[in-house]
Amino acid sequence: MAYSDVINDFSNGASGTVTDVNGDVVGYTVSGTSPNTNWMSLVGGARVNGDGTQSFTLTFDEPVVGAAMRFSGSDASEPYYIEVNGSTVDLNFLIANGDVTFTQSGAATHVIRPDGGLNGGHHSDGSIADFVFNFPVTSLGAYGSGTNSGNWDFVEVGIDDSTFDVVCFTKGTRLETISGNVKVEDLNTGDVLQTFIGTSALVRWIGYREISKSVLVRNEKLLPVRIRKGALGNGLPNNDVSVSRQHRVMVSSRIAERVFGVANVLVPAIKLVGFPGISIDQNIDSVTYFHILCDEHIVLKAEGAPFESLLIGEQATKILEDGSIHLHNMGVPADLLAKSQTSALTIASGPKLRKLLARHKKNDQPFLQRQNSACMVKDAA
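A short tour of the structure in this document, coming up.

So, how was this worked out
- Residues numbered from 1 in each chain as written.
- Predicted model: local features only at pLDDT ≥ 70, side-chain atom pairs only at ≥ 80, totals over all residues.
- Heavy atoms only, no water.
- Salt bridge = Lys/Arg side-chain N within 4 Å of Asp/Glu carboxyl O.
- Helix = DSSP H or I, 4+ residues; strand = E, 2+ residues; numbered from the N terminus.
- Buried < 20%, exposed > 50% of the residue type's maximum accessible area, 1.4 Å probe, protein only.
- Core = buried A, V, L, I, M, F, W, Y, C linked by side-chain atoms within 4.5 Å.
- Contact = heavy atoms within 4.5 Å.

Before going further, it helps to examine the pattern of salt bridges. One pass over the full model with this rule turns up 10 salt bridges. In this structure, the salt-bridge partner of Asp130 is Arg70, at a minimum N-O distance of 2.7 Å. Pair noted here: Asp130 is in strand E13 (residues 128-133) and Arg70 is in strand E7 (residues 67-72), with a separation of 60 residues, a long-range link. With a relative accessible area of 14%, Arg70 lands in the buried category. Residue Arg226 is joined to Asp281 by a salt bridge in which the shortest nitrogen-to-oxygen separation is 3.0 Å. With Arg226 in strand E21 (residues 225-227) and Asp281 in the loop between strand E25 (278-280) and strand E26 (287-294), this residue pair connects regions lying 55 residues apart in the sequence. You can call Asp281 buried: its relative accessible area is 8%. Linked through salt bridges whose partners overlap, the residues forming this network are Arg226, Arg228, Asp240 and Asp281.

Let us look at the nonpolar core. The biggest cluster of nonpolar side chains holds 55 residues, and the ones touching the most others in it are Leu175, Leu193, Leu232, Ile278, Ile292, Phe307 and Leu356. Aside from chain neighbours lying at most four places away, what touches Leu232 is Ile227, Pro237, Val249, Leu272, Ile278, Ala305, Pro366, Phe367 and Leu368. Formed by 37 residues, the second largest nonpolar core is a distinct cluster that contains Phe56, Ile82, Val89 and Ala142.

Most of the time, phi is negative for any residue but glycine, and the peptide bond is trans. Of note, the amide linkage connecting Leu236 to Pro237 takes the cis form, showing an omega dihedral of -5°. Inspection of the secondary structure puts Pro237 in the loop between E21 and strand E22 (241-243). Unlike most non-glycine residues, Asn85 shows phi in positive territory, near 55°. Within the secondary structure, Asn85 sits in the loop between strand E8 (80-84) and strand E9 (87-88). Taking relative accessible area as the criterion, Asn85 reaches 35% and is therefore assigned partly exposed. A positive phi angle is found at Asn234, which is not glycine, with a value near 55°. When you line up the elements, Asn234 lands in the loop between E21 and E22. Since its relative accessible area comes to 38%, Asn234 is described here as partly exposed.

Here it is in structure tokens:
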């Protein structure tokens, strides 16, 4: 799992921020009686007692996507329970419904109890139980049943984007190369892409991930965003484009310039859903996503519209380490794995992104307002 341990202070009144899988920076506050503790190789978690005397609740300022909770050090005699959005949940129901993804590592001896709680594991076997919440959460907490000796468990809260982090194009999308438009599945390493600023970029690596109908049913977050022909403005894209939710599209507008100080910014496709011609594609049985990696992070042309390539960094590292990613032509070049790329443009997030979208909606302005590519990306050079 691509779990990120982003919270390390669980003392009462502790606060901070997390960045969820949508790129939103969200504040949180901790309440409860759990002290901070370390366990084996795990650092900065909450000590939750089986007797119920030490527990915690973590409250977010707004809903968080991709929240995860990790348990380690349980014992078969110690039932623990999870609170979500202020209520104790039945893990059996949430897991069966696809609302929670449950995985284990280590000795893998945790079990979900008939009453919806968790027990199992052992203080010395290194077992870890991970729960990823496949819906936005406003609070998470953990407590013991209060019916046993008071042995404790190590609990962490973080962000897990392993099931969301497919930043790529769907099969059939045509990308512009120096030799013309080519379907993404027909690209090869060594092909040369035409960037949106009129330069060229070598394709260094291509990966793809096939997601079946059964997986899509369990996790709708993996459904692509469909951007209809002309939905971005200036007639772009030239044809419908489907991309993963976190794939960023370039917005080039006077509104962006007023909000961010630059005319061109990158926005996750999921943030554009609800605008005319942009929606989640619910009418597919399966999907194949393709990752395109170049020497530098670029803004390329997909059906004529500006979209990003894969950005090497923490996000891409998680993708490349995922065993479900298949190599299309060759292994990832070692020199690329060793580097961290700089974003080609400002990545919009947080309150400024919300302001950008609100103003576009209020003023009914297109996302691509410039008349040609040279003007559209003049600040990218």
